[in-house]
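Architecture and fold: a report
Here are the chains, one letter per residue:
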Amino acid sequence: MEKYKLCPLFSIGEGSFVKCQFGSCGFYNDADGRCALVSLADNVNDLQGYTDDARDSIDDFRKSFEIFGQSIMSK
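Residues numbered from 1 in each chain as written. Predicted model: local features only at pLDDT ≥ 70, side-chain atom pairs only at ≥ 80, totals over all residues. Heavy atoms only, no water.

Among the structural elements, Ser11 can be located in the segment before strand E1 (28-29). On the accessibility criterion, Ser11 (15% relative accessible area) is buried. A polar side-chain atom of Ser11 sits 2.9 Å from the main-chain amide nitrogen of Val18. (Helix = DSSP H or I, 4+ residues; strand = E, 2+ residues; numbered from the N terminus. Buried < 20%, exposed > 50% of the residue type's maximum accessible area, 1.4 Å probe, protein only. Polar contact = N/O pair within 3.5 Å; in protein donor to acceptor, adjacent residues only side chain to side chain.)

Right, let's talk about a nonpolar patch on the surface for a bit. On the surface, Phe61, Phe65, Phe68, Ile72 and Met73 cluster together to form a nonpolar patch covering roughly 650 Å² of accessible area. With respect to the helices and strands, the residue Phe68 is situated in helix H1 (residues 36-73). (Patch = residues over 30% accessible without salt bridge, like charges linked within 9 Å, V, L, I, M, F, W, Y side chains within 5 Å. Areas by Shrake-Rupley, 256 points an atom, 1.4 Å probe, with all protein chains shown as cover. Salt bridge = Lys/Arg side-chain N within 4 Å of Asp/Glu carboxyl O.)

Right, let's get into the pattern of salt bridges. As enumerated under the stated definition, the model contains four salt bridges in all. Salt-bridge contacts for Asp52 lead to Arg55; the nearest nitrogen and oxygen are separated by 3.3 Å. Of this pair, Asp52 and Arg55 both sit in helix H1, three residues apart, which is roughly one turn of that helix. With relative accessibility at 45%, the residue Arg55 sits in the partly exposed group. Across the salt bridge formed by Arg62 and Glu66, the nearest N and O atoms sit 3.1 Å from each other. With Arg62 and Glu66 both in helix H1 and four residues apart, the pair spans about one turn of that helix. With a relative accessible area of 40%, Arg62 lands in the partly exposed category.

Set out below in structure tokens:
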């Protein structure tokens, strides 16, 4: 079975899948060798991971600051 890339944009509402047109499509990114929409989706997923990490770091800092504050107040 031949594998080919599908166009996420033009497949919407077609009732079937549309093959990627590669360099003939304005959304195809030659530098990445893939669809800009797919790259965008991957980057959004990566950003979610980064924001989760940042939130966790802020929570850790807040907890450390609370512990530090409590130790000062108890002296």
